[in-house]
Amino acid sequence: MNGPNKNLKFPLTHYKKLCFLKNIIKNPAIKVGDYTYYDDFEDVGNFEKNVKYHFDFIGDKLIIGKFCMIASNITFIMNGANHLTNAISSYPFAIFGAGWKKAMEGKTYPTKGNTVIGNDVWIGYNVTIMPGIKIGDGAIIASNTTVTKNVEPYSIVGGNPSKLIRKRFSEKTILKLLELQWWNWDIEKITENVDKLTQNDFNILTL
């Protein structure tokens, strides 16, 4: 027995505001895992529009794992938004050319690398994620949060700037879940165990 077809653009019949995100992405610098969905109040095509300052010449990537849940109005701020912070001025003189075009010779703008979202991550409405952030597997990001620092696996964070609210489970259980990596199971095995994956009976950890 199989789950829904991972290649579907719109997996819900008669509802076109939720999509399996991997199947609508056109930018090769955005990588998305199977069954991750995006729900947008207006148009799922807004997703790439909400990845801001993502310039080809910088080379950073947005990487999102499998089985993530991403709500409307998400914003990813990428490294193209960065300015100099340790110079006398943070003004980007060079981009305007003319007599300023050599202002950045021998210098580089700061970068924090790829933005990486783990697997089974729930990102709530109106969340902003800053450049180079790493969000661990199983994390939950509360609505209206601005994520300014890395998020550990199975943590719940919220606020502006983001702060840890609590861990979802004990450290022992988190370690077992990270070892289990259910999102990497064959879809047949996931389908056979969806009733257990939606319980809080951690005997499933022995599977």
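The following paragraphs examine the structure supplied in this document. (Residues numbered from 1 in each chain as written. Predicted model: local features only at pLDDT ≥ 70, side-chain atom pairs only at ≥ 80, totals over all residues. Heavy atoms only, no water.)

**Section: the pairing of strand β15 (residues 163-167)**
Applicable threshold: The buried label goes to any residue with under 20% of its type's maximum accessible area, the exposed label to any with over 50%, and the partly exposed label to all in between, with areas taken from a 1.4 Å probe on protein chains only. The secondary structure listing takes helices from DSSP runs of H or I that are at least 4 residues long and strands from runs of E that are at least 2 residues long, numbered from the N terminus. We treat two strands as partners when DSSP finds at least two bridges between them.
Judged by how many residues are buried, β15 sits mostly at the surface: zero of five residues are covered. Relative to β15, strand β14 (residues 155-158) runs antiparallel, the two being bridged by four bridges. If you follow Val 157 over to β15, its bridge partner there is Leu 164. A loop of four residues connects β14 with β15, the two strands running antiparallel in sequence, and Gly 159 in this loop sits at a positive phi of about 100°.

**Some details on the sheet that holds strand β1 (residues 18-20)**
In space, the seven strands of this open sheet follow the order β1-β3-β6-β9-β12-β14-β15, with mixed pairing throughout. Strands with a single pairing partner mark the edges of an open sheet, and in this sheet they are β1 and β15. With two bridges connecting them, strand β3 (residues 37-39) and strand β6 (residues 69-70) associate as parallel partners. By the bridge assignment for β6, Tyr 38 is matched with Ile 70.

**A short note on the packing of aromatic side chains**
By convention here, two paired aromatic rings are described through the distance between centres and the angle between planes. We apply this condition: Centres within 6.5 Å make a pair out of two Phe, Tyr or Trp rings, where for Trp the six-membered ring is used; the pair is then stacked when the planes are under 30 degrees apart, edge-to-face when over 60, and tilted otherwise. Criterion for a charge above a ring: Arg CZ or Lys NZ at most 6 Å from the ring centre, at most 35 degrees from the ring normal.
Inspection of the entire model under this criterion finds 15 aromatic pairs. Residues Phe 55 and Phe 57 carry aromatic rings whose centres are separated by 5.7 Å and whose planes lie at 5° to one another, so their mutual orientation is stacked. Here a set of aromatic residues connected by ring pairs shows up, and it is made of Phe 20, Tyr 35, Phe 67, Trp 182 and Trp 183. For the cation-ring pair, Lys 189 lies above Trp 185, with the distance from its terminal atom to the ring centre recorded as 4.3 Å.

**Observations concerning the sheet that holds strand β10 (residues 128-129)**
Taken together, four strands build an open sheet; the order of strands is β4-β7-β10-β13 and the sheet is parallel. Strands at the two margins of the open sheet, each flanked by one partner only, are β4 (51-52) and β13 (146-147). Inspection of the sheet shows β10 paired to β13 by two bridges, in the parallel sense. By the bridge assignment, Ile 129 is partnered in β13 with Val 147.

**Digging into the side chain of His 54**
Spelled out, the test is: We define a polar contact as two N or O atoms separated by no more than 3.5 Å, with the added condition that, inside protein, one atom must be a possible hydrogen donor and the other a possible acceptor, whereas residues neighbouring each other in sequence contribute only through side-chain atom pairs. Throughout, a residue-residue contact means that at least one pair of heavy atoms, one from each residue, lies within 4.5 Å.
Relative to the elements of secondary structure, His 54 occurs in the loop between β4 and β5 (62-64). Overall, the relative accessible area of 14% leaves His 54 in the buried class. A distance of 2.8 Å separates a polar side-chain atom of His 54 from the backbone oxygen of Asp 60. When sequence neighbours within four positions are dropped, the list of residues in contact with His 54 reads Asn 27, Ala 29, Ile 30, Asp 60, Lys 61, Leu 62 and Met 78.

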